[in-house]
Amino acid sequence: MDPTSLQRLVLLTSLLSGSTHQARLTVTPSSSQVFAGERVSLRCEDASEGWTVRRNTSMEIRTECGVDWGTRAGSSCNVSSMVPRDSGEYWCESTGGSTSDSITITVSAVILQSPALPATEGDDVTLTCRTKMADNLLAEFYKDGVSIRTEPDGHMTLLHVSRSDEGLYKCSFQGKESAWSRLSVSGKPPTTTRPPTSSFSTTMDPPTASSAPPASSLHLVFRVICHLVVFCPYCISTFLMVSIYRERARGSDPTPPTHAEQGLDDDYDDVMSAVTTEHQF
């Protein structure tokens, strides 16, 4: 590979690396306005090595953290005590010249605490008007130069923010005003949803053969009836025979049977013959 092609490959790799590792500046406390003497920490998140915090103020341009202001710790920068001249624009910058989005920080006696980073569409956002001497104060809030609300405790909550809530906000207390603070709203990240699934089946199972009565059931019923018809006379005759035997056993008179009794015995023999014949059938 010739040297020219190698240089182009290295340049392309560096450009891709810079666009892939885009840094994001975060501020602690998460407010674009702070009191004088307050400690502030700035950090380049999601960044590779070589990213530093820089700023523009009314007195200096593109100065790097750790040179004339702040204390650098890797990709972070700490300011132990903010002063009014620290008000300005802050951002992250790589050695290759890539930059992150910037954040404007203002040092004031009356501050409007608002999100330093863009709020997500649909979230609730609370703006708080504060002084170093008192909280929960009667404050008037403004948007884009127009008074919109007065709150007795110094808190104003915007419910379910949308792009229409974007703009410049400030508050005032006893004639003292805070600096303007910009509220930005970003769209919700796309979410993937699955189609709803039914918890039950709407198809019915076809009727099975077990739902209909079996063909052999009628034949079984018929056989049961036939057995009852055959065995009922047998049972009746058995009962009569036992009854007659018991009556004879109880009698103490050994007199020969009368003509009626002899006829009853003949009838019993005829019945038994008929039952035996029917049973054999």
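Each value, and the rule that gives it
Residues numbered from 1 in each chain as written. Predicted model: local features only at pLDDT ≥ 70, side-chain atom pairs only at ≥ 80, totals over all residues. Heavy atoms only, no water. 1 Å grid on protein atoms, 1.4 Å probe; cavity = no way out; pocket = protein on both sides within 12 Å on 5 of 7 lines; lining within 4 Å. Points joined across faces, edges and corners; volume = space filled by probe spheres on them. Helix = DSSP H or I, 4+ residues; strand = E, 2+ residues; numbered from the N terminus. Nonpolar A, V, L, I, M, F, W, Y, C, P; charged D, E, K, R; others polar. Disulfide = S-S within 2.5 Å. Buried < 20%, exposed > 50% of the residue type's maximum accessible area, 1.4 Å probe, protein only.

Caption draft 1: Representation of the layout of surface pockets within the structure. Approximately 420 Å³ is the volume attributed to the largest pocket. In terms of lining residues, the largest pocket is bounded by 20 residues, among which Ser 102, Ile 103, Ala 116, Leu 117 and Pro 118 are the most central. Those elements that place two or more of their residues in the lining of the largest pocket are strand 1 (24-28), strand 9 (103-107) and strand 18 (181-183). In terms of residue class, the lining of the largest pocket is made up of nine nonpolar, eight polar and three charged.

Caption draft 2: Representation of the state of the cysteines. Enumeration over the complete set of coordinates arrives at three disulfides. A sulfur-sulfur distance of 1.9 Å marks the disulfide that ties Cys 65 to Cys 77. Classification of the bridge connecting Cys 65 and Cys 77 rests on its S-S torsion, roughly 85°, and on that basis the disulfide is right-handed. Residue Cys 65 is located in the loop between strand 5 (63-64) and strand 6 (71-73), and its partner Cys 77 is located in strand 7 (residues 76-79); the two are separated by twelve residues in the primary sequence. Across this residue pair, the class does not change: Cys 65 and Cys 77 are buried. In this model, Cys 129 is linked to Cys 171 through a disulfide, with the two sulfur atoms separated by 2.1 Å. The S-S bond linking Cys 129 to Cys 171 shows a torsion near 75°; that makes this disulfide right-handed. You can see Cys 129 sitting in strand 12 (residues 125-131) and its partner Cys 171 sitting in strand 16 (residues 167-173), a full 42 residues away along the chain. Given a relative accessible area of 0%, Cys 171 falls into the buried group.

Nothing here speaks to function; it is all geometry.
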